[in-house]
Amino acid sequence: MSDETTQGLADVQLHLVDNVEKAHAFIRWLGERRPMNALAIDTETGELPGRPREDALSPWHGDLRLVQVGDGMQGWSIPWQEWQGVFYEAVDKFDGPIVCHNIAFEARWFAIRSRWEIPWHRAHDTMIMAHLIDPLGSGALKRLASLYVDAQAASLQDTLSSSLAKNGWTWGTVPINFEPYWAYGALDPVITMRIFEKFYKSCGPDGAYNNAYELEMGVRKVVTRMEINGARVDLDYSKRKYDELIQYSEQVKQWASDKYGGYSITSPSQLVRLFESLGEKITEHTPSGAKSASKDQIEKFAIEGQTQEARELAKNILNQRKADKLATTYFQNFLDKHIDGLLHPSVKTLGARTGRMSITDPALQTLPSGESTVRRAFIPKDDDHVIIASDLDQVEFRLTAAMSEDPRLIRLFHEADETGGDAFTAIMQDIYQDPTATKSDPRRKLVKGVVYGKLYGAGVAKMALTAGVAEEQMRAVVDAFDRSYPGVKLLQKKIEDVGMRRLRTEGQGYVLTRTGRRLPCDEDRVYSLTNYLVQSSAAEVFKMNLLKLDQADLTELLIVPVHDEIVLQAPRKDVEEIMQTVKQCMTTTEGWAVPLTAGVDGPFENWGDKYL
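Predicted model only: the values in this text are computed from it and were never measured.

Further remarks concern the packing of helix H9 (residues 235-259) against helix H12 (residues 308-337). Between H9 and H12, the shortest axis-to-axis distance is 8 Å and the interhelical angle comes to 150°. If you check the angle between H9 and H12, you find them roughly antiparallel. In this structure, the crossing between H9 and H12 has a hand that is left-handed. Residue classes in the contact of H9 with H12 are distributed as 15 nonpolar, seven polar and seven charged.

Within a regular strand, the side chains alternate between the two sheet faces. Burial analysis of strand E4 (residues 74-79) places six of its six residues in the buried class, which makes it a mostly covered element. Neither face of E4 is left uncovered, since the one carrying Gln 74, Trp 76 and Ile 78 and the one carrying Gly 75, Ser 77 and Pro 79 both have all their residues buried. In this structure, strand E1 (residues 13-16) lies alongside E4, joined through four bridges in parallel fashion. Paired with His 15 across the two strands is Trp 76, which belongs to E4. By the bridge criterion, five bridges tie strand E3 (residues 63-70) to E4 in an arrangement that is antiparallel.

So, on to the pattern of salt bridges. The tally for this structure, following the rule as stated, stands at 40 salt bridges. The partner of Glu 227 in a salt bridge is Arg 220, with the nearest N and O atoms 3.1 Å apart. Taking the relative accessible area as the measure of exposure, Glu 227 reaches 2% and is therefore buried. For Arg 220, a relative accessible area of 5% corresponds to the buried category. A salt bridge links Lys 462 to Asp 296, with the nearest nitrogen and oxygen atoms 3.2 Å apart. With Lys 462 in helix H17 (residues 460-467) and Asp 296 in helix H11 (residues 295-304), the pair connects residues that are 166 residues apart, well separated along the chain.

With that settled, consider unusual backbone geometry. Asp 361 connects to Pro 362 through a cis peptide bond whose omega is 5°. Take Pro 362: it is sitting in the loop between strand E10 (358-360) and strand E11 (385-392). Residue Pro 603 is bonded to the preceding Gly 602 through a cis peptide linkage, with omega at 0°. The topology assignment puts Pro 603 in strand E16 (residues 598-604). The phi dihedral of Asn 102 is positive, around 75°, even though this residue is not glycine.

So, on to the packing of helix H20 (residues 529-551) against helix H21 (residues 575-585). At a minimum axis separation of 9 Å, H20 and H21 run at an interaxial angle of 140°. It follows that H20 is oblique to H21 by the angle criterion. The interaxial crossing formed by H20 with H21 has right-handed handedness. Between H20, through Asn 545, Lys 548 and Leu 549, and H21, the contact on the second element is made entirely by Val 582, Gln 584 and Cys 585.

Conventions used here
- Residues numbered from 1 in each chain as written.
- Predicted model: local features only at pLDDT ≥ 70, side-chain atom pairs only at ≥ 80, totals over all residues.
- Heavy atoms only, no water.
- Axes fitted to C-alpha atoms, helices over the stretch in contact; angles between N-to-C directions.
- Helix = DSSP H or I, 4+ residues; strand = E, 2+ residues; numbered from the N terminus.
- Parallel < 35°, antiparallel > 145°, perpendicular 65-115°, else oblique.
- Left-handed = near helix turned anticlockwise from the far one by under 90°.
- Nonpolar A, V, L, I, M, F, W, Y, C, P; charged D, E, K, R; others polar.
- Buried < 20%, exposed > 50% of the residue type's maximum accessible area, 1.4 Å probe, protein only.
- Pairing = 2+ DSSP bridges.
- Salt bridge = Lys/Arg side-chain N within 4 Å of Asp/Glu carboxyl O.
- Contact = heavy atoms within 4.5 Å.

Shown next, in the form of structure tokens:
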């Protein structure tokens, strides 16, 4: 083959910049007129010699090998070590739109491994576009290419994969001038541009998804900066807690083994037999039909076990599992993955079909609400800074109240905000007709369980299990809530009716958020649309608040977004002023029947102190 191959898409030309003549040709090509005056940019990365393969994905540990530039007809692979100057000359002169597929990945690599940074004000991401157009579909570039560009677009990837396996190469060791490798890379921006040209109609200024797309691009910029800046962790504390938690876990396992004649509580089958020997009935099963000592099953035993011994065993197992998870999922990762004391979490701004964010490395999104042990590891970058945190106040419940148009529920929130009261306490007082009940009353927990159970589509049995009460007791609270605030149930019915009508007439049930984001449901789960709408609306409110923080010039202070909370590090000398600004940015008083308020807590020496 020549260096101008048409593999993958007919009439496409792919080039490798490996001499001066080709470098000049690349610069000349860049000056040509093209549709939308846009260029697509991509990278190929690898691990450094002697390093693990997963380093190929980390700009802090890996190697930038190729940078590719292309339009809809031509793609160029530029070996980074030898010819990065050509890339700089090109992008320094180019002022049109820049298109990437998964822009966060490219932005991190360019920020860490080059002097060029993504020009966010004229940047686009076809992966974000793909999610908005089809939230249930895969965002993988080759899949999109097969669907929207050319069914044969994945042929180069197949050829390359075979060659890597045959020769024992990795992404860090495959020769730069191996044609299937550089051609595979050069084809990516071509595919990206073709997809962009199709998706822009839906996501551009006149498109149905434009508002949602602009929001997501703005948030992606802010969150990427957070990822690059990183979050400082207390390594000494992390090591100490890891050791303590592992020791505790081992002690519980040994206690159970000694007490019950060698039974292992980490063996699912042995755990089933152990509980059955104590007179408990296993009601949970695995997909294959085997009895299962699942978390829900053990939680039920901890509450409703037939004997004190069974309840004690269940509680100890739950505590042991929690200790194990905290030690291995969090503290061990902190110790293994930090870079000079900084963690660089990977944040998916579209981690679910609803648009909620998720965080990995470490998996902060799965941190239990209010848990302080892990959060205490997060500290400010130096002694001149302190931690502050702001989270939305019951945002999903407030949005539900606003969408339900239930006058009694809406009035309750306004009264609670005016008096400094608590919405759940007010509802408890209302449905129990007990104005003397206080926030510490255990009935408040039942009310809260009903509210969030409804929002998440849980049945009465699950609500009861979560609240730790009998099902009959929880059912009475659900019925009382429905009588007092019928608008919530009517909202659920209205949304389900819309979903069913669309399922019948359009082939898919879905609902739209205020930004025009389309939220589809699985065919047999139309009831889930209420939850999707509330969750997605809350995610959009939170994301809009992040953009307000960015506009207030606070992006460099942001550490990490978790659930409905944003964590910041503020200079000690300016902390009071910054806390006021954060509260303003995180509060929405217009556009909804119920104010979407936020609290600001701090200053703290670590994030966990907020939860003590």
